[in-house]
Amino acid sequence: MRHRVRGRHLGRTSSHRKAMFRNMAVSLIRSVRADPEEYGSPKVAGRIITTVAKAKELRPQVEKLITMARKSLPIQRKADELGTSAERNSEQWRSWRKSEGWQEWNQAQAPVLAMRRKAYSVLRDDEAVDILFSDLAETFEERQGGYTRIVKLAKPRLGDAGPQALIEFVGVRDRVSTKGSAPVVVKDDEEASAEEQTEEPASEEAVADETATAEAEESSEEKPE
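Just so we're clear, the structure is a prediction, and the values are computed from it rather than from any experiment. (Residues numbered from 1 in each chain as written. Predicted model: local features only at pLDDT ≥ 70, side-chain atom pairs only at ≥ 80, totals over all residues. Heavy atoms only, no water.)

Draft legend 1. Expanded view of unusual backbone geometry. A positive phi angle, near 60 degrees, is found at Leu10, a position not held by glycine. Here the phi dihedral of Ala161 falls at roughly 55 degrees; this positive angle occurs in a residue that is not glycine. Structurally, the position occupied by Ala161 is in the loop between strand S2 (148-152) and strand S3 (164-169). (Helix = DSSP H or I, 4+ residues; strand = E, 2+ residues; numbered from the N terminus.)

Set out below in structure tokens:
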């Protein structure tokens, strides 16, 4: 039996590998709100560049988090219907806080809170969790999977010449395949009229030739043998 087949160890211990992928997931998620003009921020939002092996290991971890955040949206919307629009710590809010409506809202909100805590236990970053459950969940609400893509880069990494790749979220820079069609030739009115005039005499000559051949055949048939 072959052991230690699943996953890539990448020459690191389990704790080091876990911390590395946590930081990479946080960097990828936080890059969604990154400003390209800000110093130190990624040039393209929603994308990071790493090695091919790391990108392939990071992809399922990020997509599991997005799936969990996407499933929390309908639960959150039902809980919002039971909430109140009163300002926090106001008299109306305090009266609602002591009523049965708050108990119903609390029970409806509990699964979403559990999902957020589970995501925080993986990411350990408040901003990344907020982006995950607000921006990314709404973006991929109608998508059933495949939230990221990996594109291999031709230029290797400096130092060890490791193969590089970029991992990014889909839906922004997607390639749309279009079928090529032959160009339509449009003729001008003057050219079309000139062609019609040149075609008319040719057709009359052809008719005259046909009639002459028909008459010659008839005359040959009428001659006695």
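Read on for the rest.
Draft legend 2. Just the nonpolar core, in detail. Ranked by internal contacts, the top residues of the largest apolar core, which has 31 residues, are Leu58, Ile66, Leu123, Leu132 and Leu136. Elements that contribute at least two residues to this core include exactly helix H1 (14-30), helix H2 (52-81), helix H4 (100-123), helix H5 (126-139) and S3. When neighbours within four sequence positions are excluded, Leu136 is seen to be in contact with Ile29, Val32, Ile66, Ile131 and Phe169. (Core = buried A, V, L, I, M, F, W, Y, C linked by side-chain atoms within 4.5 Å. Buried < 20%, exposed > 50% of the residue type's maximum accessible area, 1.4 Å probe, protein only. Contact = heavy atoms within 4.5 Å.)

Draft legend 3. Here's a closer look at the packing of H2 against H4. Remark: H2 packs on H4, axes separated minimally by 9 Å, with the N-to-C direction vectors making an angle of 160 degrees. Classified by the interaxial angle, the pair formed by H2 and H4 is roughly antiparallel. Between H2 and H4 the crossing geometry is left-handed. Where H2 approaches H4, its residues Leu65, Met68, Ser72, Ile75, Gln76 and Ala79 are matched on the opposing element by Trp105, Ala108, Gln109, Pro111, Val112, Met115, Lys118, Ala119, Val122 and Leu123. (Axes fitted to C-alpha atoms, helices over the stretch in contact; angles between N-to-C directions. Parallel < 35°, antiparallel > 145°, perpendicular 65-115°, else oblique. Left-handed = near helix turned anticlockwise from the far one by under 90°.)

Draft legend 4. Fine view of the layout of surface pockets. Considered as a void within the structure, the largest pocket measures approximately 250 Å³ in volume. Along its surface, the largest pocket is lined by Arg6, Gly7, Arg8, His9, Arg17, Phe21, Lys56, Glu57, Pro60, Gln61 and Lys64. For the lining of the largest pocket, the secondary-structure elements that each account for two or more residues are H1 and H2. In terms of residues, the lining of the largest pocket owes the most to one element, H2, which gives 5 residues. (1 Å grid on protein atoms, 1.4 Å probe; cavity = no way out; pocket = protein on both sides within 12 Å on 5 of 7 lines; lining within 4 Å. Points joined across faces, edges and corners; volume = space filled by probe spheres on them.)

Draft legend 5. Geometry of H5. Along its 14 residues, H5 runs 19 Å from first to last C-alpha, staying within 8% of the 20 Å computed at 1.5 Å per residue. For H5, the principal kink sits at Leu132 and spans about 35 degrees. Among all positions of H5, only Ala128, Val129, Ile131, Leu132, Phe133, Ser134, Leu136 and Ala137 are buried. Residues of H5 that are buried sit in contact with H1, H2, H4 and S3. Two or three places before Glu127, at the opening of H5, Asp125 has a side-chain oxygen 3.2 Å from that residue's backbone nitrogen. (Expected span 1.5 Å × (residues − 1). Bend = angle between axes of the 7 residues up to and from the residue. Polar contact = N/O pair within 3.5 Å; in protein donor to acceptor, adjacent residues only side chain to side chain.)

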